[in-house]
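Single-letter residue listing:
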Amino acid sequence: MKVMLALCLFAVIFALVFPVAAALGPKSQPPEDPTVATDRPPESPASDGLFYVEERPASPDRDDETTVKLLRDGKIEELSLTDYLIGAMSAEMPATFEPEALKAQAVALRTYYLRKAKLGSSAHPEAQICADSTCCAAFRDEEQLKERWGESFETNFKKISAAVRATDGLYIAYEGQPALAVFHSSSAGRTEDCGEIWNGPVPYLVSVESPESADTVPGYVASVTVSAEEFRETVLEKYPGAVFGEDMSGWVTEPVYSASGRLSHVLIGGVAVQATSLRSMFGLRSTAVKIEVNDGSVTMTTTGYGHGVGMSQYGANTMAQAGADFTEILSHYYPGTTLAGL
Ligand SMILES: [Zn+2]
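In short, a report on the structure.

Rules used throughout
- Residues numbered from 1 in each chain as written.
- Predicted model: local features only at pLDDT ≥ 70, side-chain atom pairs only at ≥ 80, totals over all residues.
- Pairing = 2+ DSSP bridges.
- Helix = DSSP H or I, 4+ residues; strand = E, 2+ residues; numbered from the N terminus.
- Axes fitted to C-alpha atoms, helices over the stretch in contact; angles between N-to-C directions.
- Parallel < 35°, antiparallel > 145°, perpendicular 65-115°, else oblique.
- Left-handed = near helix turned anticlockwise from the far one by under 90°.
- Contact = placed C-beta atoms within 7 Å.
- Nonpolar A, V, L, I, M, F, W, Y, C, P; charged D, E, K, R; others polar.
- Core = buried A, V, L, I, M, F, W, Y, C linked by C-beta atoms within 7 Å.
- Buried ≥ 20, exposed ≤ 12 C-beta atoms within 10 Å, placed from the backbone.

**With respect to the pairing of strand 1 (residues 67–72)**
Consecutive residues of a regular strand have side chains that alternate between opposite faces of the sheet. Two elements, strand 1 and strand 2 (residues 75–80), share six bridges in a ladder whose sense is antiparallel. Each bridged residue has a counterpart across the sheet, and for leucine 70 the counterpart in strand 2 is glutamate 77. What sits between the antiparallel neighbours strand 1 and strand 2 is a turn of two residues, in which aspartate 73 has the positive phi angle 50°. With two bridges joining them, strand 1 and strand 3 (residues 129–130) adopt parallel strand pairing. Across the sheet, residue leucine 70 finds its bridge partner in strand 3, namely isoleucine 129.

**Points about the packing of helix 11 (residues 313–321) against helix 12 (residues 326–333)**
It is the contact of helix 11 with helix 12, at a shortest axis distance of 10 Å, that shows an interaxial angle of 135°. The angle between helix 11 and helix 12 places the two elements in the oblique class. Between helix 11 and helix 12 lies a crossing whose hand is right-handed. Here Ala316, Met319 and Ala320 of helix 11 lie close against helix 12, whose contacting residues are Glu328, Ile329 and His332. Classifying every residue of the contact of helix 11 with helix 12 gives four nonpolar, one polar and one charged.

**A short note on the sheet that holds strand 10 (residues 271–274)**
One open sheet accounts for three strands, arranged 8-9-10; its pairing is antiparallel. Looking at the sheet topology across the chains shown, the edges are occupied by strand 8 (252–257) and strand 10. Along the sheet, successive strands turn relative to each other by an average axial angle of 20°, direction set aside. With four bridges joining them, strand 8 and strand 9 (residues 263–268) adopt antiparallel strand pairing. Each bridged residue has a counterpart across the sheet, and for threonine 253 the counterpart in strand 9 is leucine 267. Sheet strands in contact with helix 10 (residues 275–282) are strand 9 and strand 10, and its direction is about 80° off that of strand 10.

**Considering the nonpolar core**
Within the largest apolar cluster, 57 residues are counted, with the highest numbers of intra-cluster contacts made by Met89 and Ile329. Broken down by element, this core gets its largest block of residues, 10 residues, from helix 5 (residues 99–119). If you look at the next biggest cluster of nonpolar residues, it comprises 15 residues, including Val235, Val252, Leu263 and Ala275.

**What to know about the sheet that holds strand 1**
Spatially, the three strands line up as an open sheet ordered 2-1-3, and their pairing is mixed. Every interior strand has two partners, whereas the edge strands, strand 2 and strand 3, have only one.

**Structural notes on helix 11**
Every α-helix winds through 3.6 residues per turn, so residues three or four apart in the chain are directed the same way. The buried fraction of helix 11 amounts to eight of the nine residues, a majority that puts the element mostly inside the structure. Of the positions making up helix 11, those classed as buried are Gln313, Tyr314, Gly315, Ala316, Asn317, Thr318, Met319 and Ala320. As for helix 11, its buried residues are in contact with helix 5, strand 6 (183–184), strand 13 (311–312) and helix 12. Following helix 11 by one or two positions, glycine 323 has its phi on the positive side, about 105°.

**Considerations on unusual backbone geometry**
The residue glutamate 175 is not glycine, and still its phi comes out positive at about 50°. Summarising the element assignment, glutamate 175 is placed in the loop between strand 4 (170–174) and strand 5 (177–178). Look at glutamate 254: it is not a glycine, yet its phi comes out positive at around 50°. With respect to the secondary-structure elements, glutamate 254 resides in strand 8. Given 10 C-beta atoms within 10 Å, glutamate 254 falls into the exposed group.

Here is the structure:
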């Protein structure tokens, strides 16, 4: 009896002293509840995990209370962050993707907006963000979406809205600031290190493994073939110093690959050409490219689509299919960052 009493007492004291042990236990609420979904997964180490520490009520209204100034078709529109994110999400990621991948994308886009809003844009100082995908991020309004989605409009719109609402106000932070949350469509086995293609390295935009494959990504491997004459002329237009001899085997030499397996640079006609430059000259889908010089033609075969930096959307979807939640997806693609809330 005394033993039982002692055990009960011990249990009560333990519960009072270590309430945090219960808080780190398995999730007891549905994953769509934002207060739960942002808990640090128990298996993630705190050093590189993505977790939310502040107590916050579940009412989704932080995005509603934030006003976005969007430049679209030459005009500035003011809309809530909720509406902006739904429109941008709809243009940037297929609505057929897994809910957790959509949530990861919502957080990435919210982060992208917050960083733009904070730093300002030299391209359009009058607006925080624009609807041009080559400058900021693409955006579609409801009318455009009804036209694009037809009968699936209601279902798709609800699904994307749910991803935005479930992550209300959450963004990816690095050293307390919104991170540079760039993303791309798909990667060739690994994402690219930011320093390989842009102006210098970023601590959380490093090369990580990405699980998508040809089985799940349409057009994962794609080829562009041009005639020898077109190849020569296109290169000469940009690199007039290139010299193309009779023997085509000497046209493309000394390819150098980055650690992620993408082409870094290559000698074309004896001139050093960056892979990013080659990509834009021939409209290639990525810099994960192999160049084959044949008799009379040049074939460039790419894997994946996009610049390869930050989150891979198809990789995120593949992770979600395997059971990862959005916090795990984000901590994988932006290592060393944390989740923060508006
Ligand atoms: Zn812009």
